[in-house]
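Chain residues, written in single-letter form:
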Amino acid sequence: MSQKEAKAPGLLIVGEAVCAEVVNSKDAFDAVEAVFGAMARGDAYNFPVIREAIGYADALYGFKSGFDKAGKTLGVKSGGYWPGNMDKGLTNHQSTIFLFDPDTGMLQALVGGNYLTAVRTAASSSVSIAHLARKDAKVLGMVGAGHQSTFQLRAAVEQRAFEKVVAWNPHPDMLPRLGAVAKELGIDFEAVTQEELGAQADVIITITSAFEPLMMKDWIKPGTHIACMGTDTKGKQEVDPAILAAATVFADEIAQSITIGEAQHAVGSGLIKQGDITPIGAVINGTHPGRSSETEITLFDGTGVGLQDLAVASVAAREAERSGKATRVAL
């Protein structure tokens, strides 16, 4: 939001439907790429994450927050994961984003976070594909077919000329939805085993809520780029730690990567050290070369940081007000 918009009276409210109207995948990509670069420069930082099992409805609930000094964005995302929501006609992930005026501390905007969480998570893996995947990547592997997977697929195809999608999900009955999106995008689709997925895919996106490895090192071919997007809590895991030992590892934020991200297991078992992980922002800023060869395996540990949410929420608030689709109320 601009300084003029930030000083406008009242609280700006941007609902879920409006967020989907005013923020597209390109907007999310640009916002996430910029904030990753700002983090690597030290111009933006995330506050410690709070994420707890609340002991009710099998839910995980928490807070992600931070401050982007360059973008003058301050705020917090509150929400979590309710595994029974799909049976109620709701998405399992529920969240709301609060933006504050960094000059006064006043609550500035209340923004629906469900759509934005999905689109910013997809943007994160998309940024990693843009900067780390081989230019000639043709086959995209999708591990997971839940709500987030369709956002991931749509964002990924904007970065490389994929000709085929191979997919696996622990519940095969969910794969047709992913196949329908691939058909819509004009890309061949095949449901495969995990081992077959590794053998074919040039880029692999894992987007599950698993607590055990779903992809093993011996299944990954040279030159693959892997975006691990599901592990965001202590104990979660999607890939064999040996893959991280064999790969050049990048992360949205190293501190989260080694504590609640995919790297927690490889670091905990001594296969890699914290110093072996590079922030993706360093590649964006040009201070790290990124991929160094066509045979190098690269891995992005996307834990999801609060600054991503604040960045896309700021875009949503700005564009919603500009288009007259937001609501202002007095507190």
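What follows concerns helix H6 (residues 175–184). For H6, the full list of buried residues reads Leu175, Leu178, Gly179, Val181 and Ala182. Along the axis of H6, the buried positions cluster into a sector of 160°, meaning they face one direction only. In H6, the exposed positions angled more than 90 degrees off the buried face are occupied by Pro176, Lys183 and Glu184. Here the buried face of H6 lies against strand E8 (139–143), helix H5 (147–156), strand E9 (164–168) and strand E10 (188–191). In the stretch just after H6, Gly186 is the one whose phi turns positive, near 75°.

Below, the discussion takes up the packing of aromatic side chains. Across all of its chains, the model carries 5 aromatic pairs by this definition. A ring pair is formed by Tyr61 and Trp82, whose centres lie 6.2 Å apart and whose planes are at 70°; its orientation type is edge-to-face. With Tyr61 in strand E4 (residues 60–68) and Trp82 in the loop between strand E5 (73–81) and strand E6 (93–100), this pair connects stretches of sequence that are 21 residues apart. Here Tyr115 and Phe151 contribute two aromatic rings whose centre-to-centre distance is 6.1 Å and whose plane-to-plane angle is 65°, an arrangement assigned as edge-to-face. Here Phe151 lies in helix H5 and Tyr115 lies in helix H4 (residues 114–132), a separation of 36 residues in the sequence. According to the relative accessible area criterion, Tyr115 is buried, its value standing at 18%. The partly exposed category is assigned to Phe151, whose relative accessible area is 21%. In this structure an aromatic cluster arises from ring pairing among Tyr61, Phe63 and Trp82.

Next up on the list: the pattern of salt bridges. Per the counting criterion, the structure on display carries 18 salt bridges. As a salt-bridge pair, Lys236 and Asp232 come within 3.1 Å of each other at their nearest N and O atoms. Across the pair, Asp232 and Lys236 agree in class, each one buried. Via salt bridges that share partners, Arg134, Asp136, Asp202, Lys221 and Glu294 belong to a single interconnected network.

So, how was this worked out
- Residues numbered from 1 in each chain as written.
- Predicted model: local features only at pLDDT ≥ 70, side-chain atom pairs only at ≥ 80, totals over all residues.
- Heavy atoms only, no water.
- Buried < 20%, exposed > 50% of the residue type's maximum accessible area, 1.4 Å probe, protein only.
- Helix = DSSP H or I, 4+ residues; strand = E, 2+ residues; numbered from the N terminus.
- Arc of directions from axis to C-beta.
- Contact = heavy atoms within 4.5 Å.
- Phe/Tyr/Trp six-rings, centres within 6.5 Å; stacked < 30°, edge-to-face > 60°.
- Salt bridge = Lys/Arg side-chain N within 4 Å of Asp/Glu carboxyl O.

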